[in-house]
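Structural description and commentary
So the chains spell out like this:
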There are 2 protein chains.
Amino acid sequence: MDDRELRAFTSIAEFGRMDLAAKELGYSQPALSYQIRRLESALGAALLTRGPTGVELTIAGQLILPTARATLVLIEGMKQTAGVADRRR
Amino acid sequence: MDDRELRAFTSIAEFGRMDLAAKELGYSQPALSYQIRRLESALGAALLTRGPTGVELTIAGQLILPTARATLVLIEGMKQTAGVADRRR
DNA sequence: GGTTATTACGATGGACGTAATGATC
DNA sequence: GATCATTACGTCCATCGTAATAACC
C-alpha cells in the first residue's frame, strides 16, 4: 500500500468525483482509477461505487476514510520529524 | 512511501541487522537495502548508520520509529475493517 | 576468512499518459 | 452528445534476485 493511493482515496472522497481529484493531484484520470483499484486490491474490499455522475463511498470506504486520513497525518509527521532531525545532525 | 518499507524499517530496528530482517520478511539482502534507501529518500533523512556488524538507528530513525509502528497498526486496522465491511455487504 | 552491507546488472512487473471505448444522463 | 469512468496499449521506472565487491572484525 502506498501513501499516494491513500491521498487519491481521500481526495476522491472529498470531491465525489475522480476527474477533479485527478486534476487536484496532478494525475490523469486513468492513473487515479488505477490507484484506487490497487488500494481496493490491497484492502480486499470495494471502496467506491462508480457511476457517470461521479462516485460514492461503499460502507467499507466510509469506515476506513477516517483511518486513511489519520495515516496520512502520521506519514506527514514522520516526514517533518525526519527532516528536522536530519538537519540538526 | 510504501508499507513494505515501513515494515522493513521496523524489522531492521528490532534485529539491529539487515540480514536477519531480510530473512524474516522473505527478501534478499539487496532488496531490503533498496527498500530502506527508498524510505530514506521519501523522508529526506538518513535512518540508519551501516556497518559490518549491523546497523544503528540515527536520531531521525529513533524519532520516527514509534510513528512508523503506529502507521502500520492503522494500516492493519484498515485491512481488517475493510474486509469485515465487505463481507457483510 | 567470516560476516554484513552495498553495487552491478539483467529480468519482470508496476505506474503512468494518450487515445479509444463504455455507460449514463 | 456531454460527462465521467474504464480499457487498451506503449513506455519508462521500480523492484527483485543472483553475483560480485567493499569494509570491517
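What this report covers is the structure whose coordinates are included nearby. The structure displayed is predicted, hence computed values, not measured ones.

1. A few points about the overall build of chain A
Scanning chain A from terminus to terminus reveals four helices and two strands. Reading chain A from its N terminus to its C terminus gives the helix and strand order α-α-α-β-β-α. Each principal axis of the C-alpha distribution contributes one length, and for chain A these read about 50 × 25 × 20 Å. Taken across its 89 residues, chain A has 43% of its residues classed as buried. Across chain A, contacts joining residues at least 24 apart in sequence account for 49% of those joining residues at least 6 apart. The average position of the 12 basic charges and that of the 10 acidic charges among the side chains of chain A differ by 5 Å.

2. Topic: the interface of chain B and chain A
Facing the 27 residues of chain B at the interface are 27 residues of chain A. When chain B packs against chain A, close to 2,200 Å² is buried across both sides, 75% of that on carbon and sulfur atoms. Contact with chain A buries area across many residues of chain B, yet Met-1, Leu-74 and Met-78 of chain B alone supply 28% of it, more than any other trio. There are zero salt bridges connecting chain B and chain A. At the surface where chain B touches chain A, the tally comes to four residue pairs in polar contact (both at pLDDT 80 or more). Looking at the side of chain B that touches chain A, the elements that each hand over two or more residues are helix H1 (3-15), helix H3 (29-43) and helix H4 (59-87) of chain B. No other element matches H4 of chain B, which puts 17 residues into the side of chain B that touches chain A. Residues belonging to the side of chain B that touches chain A are distributed by class as follows: 17 nonpolar, five polar and five charged.

3. Section: the relation of the copies chain B and chain A
It takes a turn of 180° to lay chain B on chain A, together with a shift of 0.0 Å along the axis; the resulting RMSD is 0.1 Å. Both copies of the chain, as the preceding transformation shows, are related through a two-fold rotation axis. Taking C-alpha positions as reference, the residue of chain B nearest the rotation axis is Asp-2 of chain B, located at 2.2 Å.

4. What about the environment of Pro-52 of chain A?
As for its position among the elements, Pro-52 of chain A is in the loop between strand S1 (48-51) and strand S2 (54-57). Separated by 32 residues in the primary sequence, Pro-52 of chain A and Leu-20 of chain A place their C-alpha atoms 14 Å from one another.

5. A closer look at the pattern of salt bridges
A side chain with one charge may pair with a side chain of the opposite charge, provided their charged atoms come close. Scanning all chains against the criterion turns up 14 salt bridges over all chains. Residue Asp-3 of chain A is joined to Arg-7 of chain A by a salt bridge in which the shortest nitrogen-to-oxygen separation is 2.6 Å. Linking Asp-3 of chain A with Arg-7 of chain A, this pair stays in helix H1 (residues 3-15), spanning four residues, or about one helical turn. In this structure, Glu-14 of chain B and Arg-69 of chain B form a salt bridge, with 3.7 Å as the shortest nitrogen-oxygen distance. You can see Glu-14 of chain B sitting in helix H1 and its partner Arg-69 of chain B sitting in helix H4, a full 55 residues away along the chain. The exposure class of Glu-14 of chain B is exposed, given its relative accessible area of 54%.

Rules used in this analysis
- Residues numbered from 1 in each chain as written.
- Chains lettered and ligands numbered in written order.
- Predicted model: local features only at pLDDT ≥ 70, side-chain atom pairs only at ≥ 80, totals over all residues.
- Heavy atoms only, no water.
- Helix = DSSP H or I, 4+ residues; strand = E, 2+ residues; numbered from the N terminus.
- Buried < 20%, exposed > 50% of the residue type's maximum accessible area, 1.4 Å probe, protein only.
- Contact = heavy atoms within 4.5 Å.
- Lys, Arg positive; Asp, Glu negative; His and termini not counted.
- Charge placed at Lys NZ, Arg CZ, Asp CG, Glu CD.
- Buried area = accessible area lost by both parts, 1.4 Å probe.
- Salt bridge = Lys/Arg side-chain N within 4 Å of Asp/Glu carboxyl O.
- Polar contact = N/O pair within 3.5 Å; in protein donor to acceptor, adjacent residues only side chain to side chain.
- Nonpolar A, V, L, I, M, F, W, Y, C, P; charged D, E, K, R; others polar.
- Least-squares fit on C-alpha atoms with pLDDT ≥ 70 in both.

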